Amino acid sequence: MTLQLRVYVPPHPLIKHWLAVARDAATPSVLFRSAMTELGRWLTYEAARDWLPTLETTVESPLDFCPATLVDPQMPVAVVPILRAGLGLLEGAQTLLPLASIYHYGLVRDEETLQPQCYLNKLPEKFDSQTRVLITDPMLATGGSIMSAMAELTQRGVDPTLARIVCVVAAPPALQKLSAAYPGLIVYTAAIDEKVNDRGFIVPGLGDAGDRIFGT
Ligand code: PRP
């Protein structure tokens, strides 16, 4: 079977609602943060469907024994928020993945060249090859930032087919780069937008998510 990048846009009313709130330029910072939290929660819920490791067991109900499925606490799960804006999705993701290790990865794009520069790398030197990794970043624009994160992760042993990207708006240049480099990867996004403008902003997008989350 030939692997291909898969991009899911879950048709969920709550995802659509919070996307609309996030896109609206009149949304104040405090509500924008709520929108990011909710989008992080519902997109992670969708991403976890065939990804979160489980184990089969038996539990004893008050009446009888019955087969049961539990989230496997032994299998490593990690969340990698790409700072700053990825922090906005982290809270919602973390409520669903309370046992996950959180590894922060800080990037900022140079405003002239649009190239990402790393200012914080808390990734471990080596990941267990079975680690499920969820990367959070609300925007995949030119793709420079997500490609930098994926390169760091795969160099440290992450299997791209066990990685999931949770974002809010994804643009064609980023999806094309991911598709060429990581055909087994799966992206969960609230929307695929039309284009990136010459300043590196997704159109229509949601503006500068980092600034809107942190009120800067
Ligand atoms: C934004 C955004 C992504 C990146 C996407 O971050 O949060 O990380 O740009 O752009 P790209 O696909 O063209 O690389 P920014 O660099 O503005 O930093 P911030 O999260 O601190 O606001």
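Quick caveat: nothing in here was measured; it's all calculated off a predicted structure.

Caption draft 1: Structural context of the pairing of strand β10 (residues 163-170). In terms of residue burial, β10 counts as a mostly covered element, since 8 of its 8 residues are buried. As defined by bridge partners, strand β8 (residues 132-136) adjoins β10 across 4 bridges and the pair is classed as parallel. Looking at β10, one finds that Ile135 is bridged to Ile165. Here strand β9 (residues 139-140) pairs with β10 via 2 bridges, running parallel. Directly across from Met139, in β10, lies its bridge partner Val169. With helix α4 (residues 144-155) bridging β9 and its parallel neighbour β10, the resulting β-α-β unit is right-handed. Here β10 pairs with strand β11 (residues 186-192) via 6 bridges, running parallel. When the bridges of β11 are listed, Val166 appears paired with Tyr188.

Caption draft 2: Local environment of the pattern of salt bridges. Evaluation of the coordinates by the stated rule reveals 5 salt bridges. Between Arg49 and Glu46 there is a salt bridge, with the nearest N and O atoms lying 3.2 Å from each other. Judged by relative accessible area, which is 14%, Glu46 ranks as buried. Residues Arg156 and Glu152 are paired through a salt bridge, measuring 2.3 Å at the closest nitrogen-oxygen approach. Overall, Arg156 belongs to the buried group, its relative accessible area being 17%.

Caption draft 3: Representation of the site of the ligand within the structure. Of all residues adjacent to the ligand, which total 16 residues, the nearest are Arg84, Arg109, Asp137, Thr142 and Ser145. Contact with the protein chains hides 95% of the accessible area of the ligand, taken as 500 Å² for the molecule alone. For the shell around the ligand, the secondary structure elements donating two or more residues are β6 (105-109), β9 and α4. Looking at the shell around the ligand element by element, the count peaks at 3 residues for β6. Looking at the shell around the ligand, its residues break down into 7 nonpolar, 5 polar and 4 charged.

About the criteria used
Residues numbered from 1 in each chain as written. Predicted model: local features only at pLDDT ≥ 70, side-chain atom pairs only at ≥ 80, totals over all residues. Heavy atoms only, no water. Buried < 20%, exposed > 50% of the residue type's maximum accessible area, 1.4 Å probe, protein only. Helix = DSSP H or I, 4+ residues; strand = E, 2+ residues; numbered from the N terminus. Pairing = 2+ DSSP bridges. Right-handed = clockwise from strand over helix to strand, strands pointing away. Salt bridge = Lys/Arg side-chain N within 4 Å of Asp/Glu carboxyl O. Near = heavy atom within 4 Å. Areas by Shrake-Rupley, 256 points an atom, 1.4 Å probe, with all protein chains shown as cover. Nonpolar A, V, L, I, M, F, W, Y, C, P; charged D, E, K, R; others polar.

In short, shape yes, function no, at least from these values alone.
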